[in-house]
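Architecture at a glance
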Amino acid sequence: MHTRRVATFLLGIWIGCSLFMSAVAIENNRSPNLVLNGPIEPAGKIVQALGADQARLLLSHLAAEQTRLYFSLWEDVEIPLAVVLAAFLFLATQRRILPLVLCGLMLALVLFQHFAISPELAYRGRATDFPPGSAAFGAQARVWALNQVYAGLETTKLVVGGVLASYLFFFRTRRHPRKEADLVAHADRSHAGG
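Okay, so let's go over this structure. (Residues numbered from 1 in each chain as written. Predicted model: local features only at pLDDT ≥ 70, side-chain atom pairs only at ≥ 80, totals over all residues. Heavy atoms only, no water.)

Quick notes on the overall build of the protein
How we decide: We count a stretch as a helix when DSSP gives it H or I for four or more residues in a row; a strand needs E for two or more, and each element gets its number in order from the N terminus. Buried means the residue's accessible area, taken with a 1.4 Å probe over protein chains only, is under 20% of the maximum for its type, while exposed means over 50%, and partly exposed covers the values in between. Note on definitions: a residue-residue contact is assigned when non-hydrogen atoms from the two residues lie within 4.5 Å. A 1.4 Å probe and the Shrake-Rupley method give the accessible areas. Residues count as covered only by the protein chains that appear here.
In terms of regular secondary structure, the protein is built from 6 helices and 0 strands. Each helix and strand of the protein, ordered N terminal to C terminal, gives the series α-α-α-α-α-α. When the 194 residues of the protein are sorted by exposure, 31% land in the buried category. Across the protein, every contact between residues at least 6 apart in sequence was considered, and the portion connecting residues at least 24 apart equals 79%. Element-wise, carbon and sulfur atoms account for 67% of the exposed surface of the protein, whose accessible area totals about 12,300 Å².

Below, the structure is given as structure tokens:
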């Protein structure tokens with residue numbers, strides 16, 4: 001089995017799924033407006049019964065809860081994925097330090113997101129989904145700041161992943177046949193002389 005190929009494949013899955021999760025978060029934020037701007041008839045009746053403002057609050061809360069759940073589940077997958085990737089990198093790169101450090105940095109970013117940012121973001125986010133929290137500027141500013149930190153960590157993780165992918169694609173650790181032949185010849189001479 002080619003451990004470098006497996007490591008590259010795992011890294012590709014990690015980067016691709018991270019980008020996909022970002023797209024899901026963006027679409028989740030748009031979904032309340034999509035439902036309210038063109039509801040089907042049964043949904044339109046519910047919106048009329050609730051009132052547009054109340055329906056918007058409820059749909060926005062649902063979208064935020066889905067986003068929080070999806071990111072939490074994705075972080076739960078990223079942690080073992082990083083460990084498996086690190087194992088394959090250890091085997092694939094002849095124990096070179098740079099790919100292991102980059103993978104370790106990505107894992108550290110995920111752990112910080114999962115244990116420090118996500119729980120705080122979920123708690124603060126739920127508090128600001130409905131009034132009076134949604135009207136409090138300080139609470140909204142805190143949630144916005146946490147979202148920016150989370151997005152910054154995601155971006156950093158993707159950049160580090162891109163550097164690691166570049167390393168795996170362009171800096172291959174190939175052995176040159178001439179050097180191997182020189183090593184064999186040198187070993188044969190030292191054995192014959194001894």
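Some details on the environment of Tyr150
Locating Tyr150 in the fold gives a position in helix H5 (residues 137–170). The class of Tyr150 is buried, set by a relative accessible area of 7%. Between the alpha carbons of Tyr150 and His114 there is a distance of 9.9 Å; along the sequence they are 36 residues apart. If near-sequence neighbours (up to four positions away) are discounted, Tyr150 is found in contact with Phe71, Glu75, Gln113, Ile117 and Ser118.

Structural notes on the packing of helix H3 (residues 52–92) against H5
Applied cut-off: The axes are straight lines fitted to the C-alpha atoms, using for helices just the contacting stretch, and the angles between their N-to-C directions are given from 0 to 180°. By definition in this entry, angles of less than 35 degrees are roughly parallel, angles greater than 145 are roughly antiparallel, angles of 65 to 115 are roughly perpendicular, and the rest are oblique. By the definition used in this description, the sense in which the near helix is turned from the far one sets the handedness, with an anticlockwise turn below a right angle giving left-handed and a clockwise turn giving right-handed. Gly is put with the polar residues, along with every residue not named as nonpolar or charged; the nonpolar set is Ala, Val, Leu, Ile, Met, Phe, Trp, Tyr, Cys and Pro, and the charged set is Asp, Glu, Lys and Arg.
Packing of H3 against H5 leaves a shortest axis separation of 15 Å and a crossing angle of 25 degrees. By the angle between their directions, the pair H3 and H5 is classed as roughly parallel. Crossing angle aside, the handedness with which H3 passes H5 is left-handed. Across from Phe71, Trp74, Glu75, Glu78, Leu85 and Leu89 in H3, the residues of H5 making contact are Tyr150, Lys157, Leu164 and Leu168. For the contact of H3 with H5, the class distribution of residues is 7 nonpolar, no polar and 3 charged.

Examining the environment of His114
Note the cut-off: Whenever two N or O atoms come within 3.5 Å, that pair is a polar contact, provided that in protein one can donate a hydrogen and the other can accept it, and provided that, for residues adjacent in sequence, both atoms are side-chain atoms.
Summarising the element assignment, His114 is placed in helix H4 (residues 97–128). A C-alpha to C-alpha distance of 8.0 Å links His114 and Asp76, two positions 38 residues apart in sequence. Residues within four places of His114 in sequence aside, it is in contact with Ser72, Glu75, Asp76, Ile79 and Pro119. Engagement of the side chain of His114 in a polar contact is seen with the side chain of Glu75, the distance being 2.8 Å.

Structural notes on the pattern of salt bridges
Note the cut-off: A carboxyl oxygen of Asp or Glu within 4 Å of a side-chain nitrogen of Lys or Arg is what we treat as a salt bridge.
Evaluation of the coordinates by the stated rule reveals 9 salt bridges. Arg30 is the salt-bridge partner of Glu27, the closest N and O atoms lying 2.9 Å from each other. Of this pair, Glu27 and Arg30 both sit in helix H1 (residues 3–37), 3 residues apart, which is roughly one turn of that helix. With a closest N to O distance of 2.4 Å, Glu78 and Lys157 form a salt bridge. Of this pair, Glu78 sits in helix H3 while Lys157 sits in helix H5, and the two are 79 residues apart along the sequence.

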